[in-house]
Amino acid sequence: MSILSFLDRPASYIGKRVPRPGAKRLLAGGGRYVDDLRLPRLVHLAFLRSPYAHARILAIDTAAASRAPGVVRVLTAKDLEGRYTPWVGVLTHFKGLKSPPQHPLARERATWQGEPIVAVAAESRALAEDAAALVKIEWQELPAVTDMAGALAPGTPPIHAELGDNLAFTRSVDAGEVDAAFAKAFAVVEEEYSFARHTGVCPEPRSILADYDQAGESLTVHYSNQAPHMMKEIFAKHFGLAENAVRVICPDVGGSYGIKIHVYPDDMTTVAASLLLGRPVKFVADRLESFVSDIHAREHRIKARLALTKEGEILALDMDDLTGIGPYSTYPRTSAVEGNQVVNLTGSWYRHRNYRARLRVAFQNKPPTTQYRAVGHPIAAAVTEAIIDRGAAQLNLDPAQIRRINLIPDDAYPWTTASGLKFEKLSHQAALEKLLKLMDYDGLRREQAELRKKGIHRGIGLAAFVELTNPGPAFYGVGGAPISAQDGATIRLDPGGSVTCAFSVTEQGQGTEAMAAQVAASALGLPIEKVRIVTGDTERTPYGGGTWASRGAGIGGEAVLQAAHALKQNILALAGIMLQTPPENLDLADGWVTDKSGARRIGLDEVGRAAYFRGDTLPPGTQPEMSATRHYMPKLYPFAFTNSAQGSYLELDVETGFVRLLKHWVVEDCGRVINPMLVDEQIRGGVVQGIGSALYEECLYDGLGQLLNGNLADYLVPMAAEMPDIEVAHIETLTADSALGAKGAGEAGTAGAPAAVMNAVNDALKPFKVRVSSQPMTPQRILKALARA
Amino acid sequence: MSGGTVSIRLSINGESVTREVEPRLNLVDFLRDELGLTGTRWSCEHGVCGACTVLIDGALARGCLVFAAQLDGSRVETIEGLSRSGVLADLQAAFQLHNAVQCGFCSAGMLLSAETLLRENRAPSRADIRHYLSGNYCRCTGYHAIIDAVEEVAKSRAAKGPSRKEGAP
């Protein structure tokens, strides 16, 4: 318990709205992103990409491009042959998952519009683009497989003949007695849902600067990325380099959201080019190529059926998910996880024991889809929450009431879901009640009823759900991926009494460094200004997984806490010697070694000076250890689930189909809240990303696999004017898996918002007895539904 | 690329700059590559997202839609200059306090737009702020905190009275 005591101290930073130390620099234009680096002899890469979704490359003529001004080298697949090993996006724990080997530049065939074919290295990006325009490729267009169902239809040629068909992965769950439950149900509701493809649109496009030092035989990659250690392994492996010859540095990262954690062929080409040329090579995707080369996300078609008793109790849920992943399963995380999450999560926050699900993952000639913020969660939440609302409507139950009846009771934990997930302790019922109060649910219902009389159509939507956070090695490592589920921190006392903490979790703006500084400062009794956090460099930080699956605070924060505790013991041991006092009678507060009453004895600067400069004053045999390293991975549970409830209030213009968002509420239980401001901002940002997918964002493809809206003018993202204020409240159910008790909060906003907004739209449509079940719920789709009224 | 360059002389953050530029050189590339002013950023490169926002002769402009060659005789201000002069200091402090910045990529544009809004409208409503900042794309914050920060600065500037406009560029 002594470990927890610092949390309760008045000077603790835990639970405080501490501003991020790095924000000031970012706000002054002082951010240092990959594209801001200036290196001597730098060359710039531009790609020629496939204009076709599926086509054979008959010939490539690079002669004119090679002679163009400023061109250093024109690279095709042939030039890279033998200089790398291809990669395959499968993991052993996804039984049957298949995907062909993938290469930096397409060899005989392009399999999506936007796949890189030729790379031009030149003295400037403009010159590289000039030259790329001179490359001539002779194509033979092949039939494109774009529709998911079509991809799996008998007779459709497989995109990769050697794989036999276009079914990349399939999985089924059949728990309990589903058929019997449906047979005895009072009510059965069913509905089909579709979720469009969308993409991340990071403000900073994907950026990489690879710098191979031929003489030193070392590769430094400056990379806008979430997982530097993972990428180090991958670069070493696929380019045949010694593990310790590769350094990956992630400077400031201009947004990532899951986009910057996958292996991209153009990034691998950039590294290959640097190895080949012995010069630093930079590739920064422009916005248009981002739309066709960044990973896409979602694209699901789902049929769901729900069996209910007369009282509204869920008896069974049956779900069929068809999802499309493009021509390759993405490396190294695979593209099976999104659908797998949908299967695992759908309905899992309700009490029913009968659950059946089928997942089919199809190859298509479109860009690869894979993990993007909230992986699978928004789909699972939207389907579950939409169909339960449908069930409520059929039984004439209020949406709040049907959730009360079915949500797992707060005293029922630990709980194992029908799909086999283990929940340590959640607070669904309390979260729902808190949400209803926060949004004044009854008041909104009254207002809604009043306004309906005047022809104003407002909708109220509720959504409950879980979020998978703090994943252990069962998520990826078990399947053979070089993805670390543990993270580490090294904290060093500097001679002047401040500390430097090297931390393996990365910073993309979510506040990792502030969180770590709060934990370290609190545990070491230091003013937070005395703590410096170092992240994003494989040579300067302990080994760890980085940023993914909402794990920075829950896993990384605990590593910082444990390291700080170890350092504290070392500091007190030395101070004890200096003061000739037993260390157990000493403590740290406000930058001082104190006695237990809090009275100051010596400053940390004095301890630091003695340790580093005046070892001569210490008793013989004393060896100060003013650094400590600790790592942490979750042990009790494979994942730390969180729970949340969201509410949406909106107004629908039934003439135009436009939705005006009025307000959004979130009650979040992510365990210990280290910094409420940063957690709220993660939630709010996540909600808006979820709203984007619910109402606006869609990669529109034609039947030939051509992206029709691949620019930021035609692809709609949420802007300030359309977004509502978002109120966030918390419940704190700590996990016992760590001393800190923190769980993740990075994805919950995105997970639940599409469900809440979809329910609100359908609530507004209720008087017309029509529903919309396709996201994004564009004015066109809403008007189409209304036309059926 | 055709040959020939254009000679321009302009003021960047109060300093006089003379350069020979290719006609096709974009203002953002000019700032970043010629002058090392990397606070102005490329993001959408087609005038939608506002990450490249600068002030040209005191007015908001999309750096990505302007060629350097067009700017002979102009006065350009970027996030670096406006930070150094302290014009944005209260907005920057409020942004930090409200965590109205996450990855920081949109922040320069967001701050310049907010500053211009507050010069045009001393008492904007939240809806006014949301509307005015809708040319600046942020993927991280969800905008709420940004609106909070700008609203707070509007109120505190109003409370301080009308004198501050003099100091503004």
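1. Some thoughts on the overall build of chain B
Piece 1. Summing up its helical and strand segments, chain B has six helices and five strands in all.
Piece 2. Listing the helices and strands of chain B from first to last along the sequence gives β-β-α-β-β-β-α-α-α-α-α.
Piece 3. Taken over the C-alpha trace, chain B has a radius of gyration of 16 Å; the compact-globule value for 169 residues is 15 Å, and the two agree within 12%.
Piece 4. Dimensions of chain B along its principal axes, counting C-alpha atoms only, are 55 × 35 × 20 Å.
Piece 5. Look at the contacts in chain B between residues 6 or more apart in sequence, and 60% of them connect residues 24 or more apart.

2. Observations regarding the interface of chain A and chain B
Piece 1. Listed by partner, the interface residues are 43 residues for chain A and 41 residues for chain B.
Piece 2. When residues of the side of chain A that touches chain B are traced back to their parent elements, those giving at least two are helix 1 (23-27), helix 18 (676-696) and strand 28 (725-730) of chain A.
Piece 3. No other element matches helix 18 of chain A, which puts seven residues into the side of chain A that touches chain B.
Piece 4. Per-class residue counts for the side of chain A that touches chain B are 22 nonpolar, nine polar and twelve charged.

3. Observations concerning the pairing of strand 23 (residues 592-595) of chain A
Residues and elements named next belong to chain A.
Piece 1. Note: strand 22 (residues 586-589) against strand 23, four bridges, orientation antiparallel. The residue bridging Ala-589 from the neighbouring strand is Trp-592, located in strand 23.
Piece 2. In this structure, the hairpin formed by strand 22 and strand 23 is closed by a connection of two residues, where Asp-590 is found at a positive phi of approximately 55°.
Piece 3. Here strand 23 pairs with strand 24 (residues 600-603) via three bridges, running antiparallel. Bridging across to strand 24, Thr-594 finds its partner in Arg-600.
Piece 4. As consecutive antiparallel partners, strand 23 and strand 24 are separated by four residues, and within that stretch Gly-598 has a phi angle of approximately 100°, a positive value.

4. Points about the sheet that holds strand 2 (residues 15-21) of chain B
All names here are of chain B.
Piece 1. Strand order across the open sheet formed by five strands is 2-1-5-3-4, with mixed pairing between neighbours. What marks the edges here is a single partner per strand, and that holds for strand 2 and strand 4 (59-62). Adjacent strand axes in the sheet meet at a mean angle of 40°, parallel and antiparallel pairs treated alike.
Piece 2. Where strand 3 (residues 53-56) meets strand 5 (residues 75-77), two bridges bridge the pair, whose relative direction is antiparallel. Note that in strand 5 the partner of Leu-55 across the bridge is Glu-77.
Piece 3. Strand contacts of helix 4 (residues 107-120): strand 3 and strand 4, with the helix running at about 45° to strand 3, the strand carrying the most contacts.

5. Details of unusual backbone geometry
With the exception of glycine, most residues fall at negative phi, and the peptide bonds are largely trans.
Residues and elements named next belong to chain A.
Piece 1. A cis amide bond, omega -5°, links Tyr-331 with the succeeding residue Pro-332.
Piece 2. Tracing the sequence through the fold places Pro-332 in the loop between strand 14 (314-324) and helix 10 (337-345).
Piece 3. Cis peptide bonds are those with omega within 30 degrees of zero, and the linkage from Tyr-413 to Pro-414 qualifies with 0°.
Piece 4. If you trace the backbone, Pro-414 turns up in the loop between helix 12 (399-406) and strand 16 (415-416).
Piece 5. Positive phi, normally seen in glycine, also occurs at Glu-299, with a value near 60°.

6. Some points on helix 8 (residues 265-277) of chain A
All names here are of chain A.
Piece 1. Taking 1.5 Å per residue, 13 residues should reach 18 Å; helix 8 reaches 18 Å between its end C-alpha atoms and fits that length.
Piece 2. The buried count for helix 8 comes to eleven of 13 residues, which makes it a mostly enclosed element.
Piece 3. Every buried residue of helix 8 is accounted for by Pro-265, Asp-266, Asp-267, Met-268, Thr-269, Thr-270, Val-271, Ala-272, Ala-273, Ser-274 and Leu-275.
Piece 4. A positive backbone phi angle near 65° is found at Gly-278, which sits one or two residues after helix 8.

7. Some thoughts on the sheet that holds strand 4 (residues 109-110) of chain A
Residues and elements named next belong to chain A.
Piece 1. Pairing in this open sheet of three strands is antiparallel, and the strands run 4-2-6 from one edge to the other. Single-partner strands in this sheet number two, and they are strand 4 and strand 6 (136-141).
Piece 2. In this sheet, strand 6 lies alongside strand 2 (residues 55-61) in antiparallel orientation, the contact comprising six bridges. Among the inter-strand pairings, Ile-60 is bridged to a residue of strand 6, identified as Ile-137.

8. Some words on the environment of Ala-760 of chain A
All names here are of chain A.
Piece 1. Tracing the sequence through the fold places Ala-760 in helix 19 (residues 748-765).
Piece 2. Along the sequence, Ala-760 and Arg-83 sit 677 residues apart, while their C-alpha atoms lie 54 Å from each other.
Piece 3. Contacts of Ala-760, omitting those with residues within four sequence positions, involve Gly-459, Ile-460, Gly-461, Ser-648, Tyr-649 and Leu-650.

9. Some remarks on the domain arrangement of chain A
By convention, interface size is frequently given as the accessible area that disappears when the constituent parts associate.
Residues and elements named next belong to chain A.
Piece 1. In terms of domains, chain A is made up of domain 1 (2-31 + 486-632), domain 2 (34-142 + 201-293) and domain 3 (296-473 + 636-787).
Piece 2. Once you take the C-alpha centre of each, domain 1 and domain 3 turn out to be 38 Å apart.
Piece 3. Across the boundary between the two partners, domain 1 contributes 23 residues, which contact 22 residues of domain 3.
Piece 4. Mapped by element, the contributors of at least two residues to the side of domain 1 that touches domain 3 are helix 15 (512-524) and helix 16 (552-579).
Piece 5. With six residues, helix 16 is the largest single contributor of residues to the side of domain 1 that touches domain 3.
Piece 6. Among the residues forming the side of domain 1 that touches domain 3, the class breakdown is twelve nonpolar, seven polar and four charged.

Conventions adopted
Along each chain, the written sequence defines residue order, and numbers are assigned to residues from 1. Here every chain gets a letter starting at A, and every ligand a number starting at 1, in the order they are written. Local features in a predicted model are, by the rule used here, given only for residues with pLDDT of at least 70; side-chain atom pairs are given and counted only at 80 or more, and totals for whole chains, interfaces and linings are based on all residues. The helix count covers DSSP runs of H or I at least four residues long, the strand count covers runs of E at least two residues long, and both are numbered beginning at the N terminus. Restricting the calculation to C-alpha atoms gives the radius of gyration, and the globule rule supplies 2.2 Å times the number of residues raised to the power 0.38. Here, residues touch in the contact sense if the C-beta positions derived from the backbone fall within 7 Å of one another. We call Asp, Glu, Lys and Arg charged. Ala, Val, Leu, Ile, Met, Phe, Trp, Tyr, Cys and Pro are nonpolar, and the rest, Gly among them, are polar. Here the rule is simple: two strands pair whenever DSSP picks up at least two bridges between them. Lines fitted to C-alpha atoms define the axes, with helix axes restricted to the stretch in contact, and inter-axis angles between N-to-C directions lie between 0 and 180 degrees. A helix is expected to span 1.5 Å for every residue after the first. With C-beta atoms placed from the backbone, the exposure class of a residue follows from how many other C-beta atoms lie within 10 Å of its own: 20 or more, buried; 12 or fewer, exposed; in between, partly exposed. Domain limits in this description derive from either an automatic procedure or a database domain assignment.

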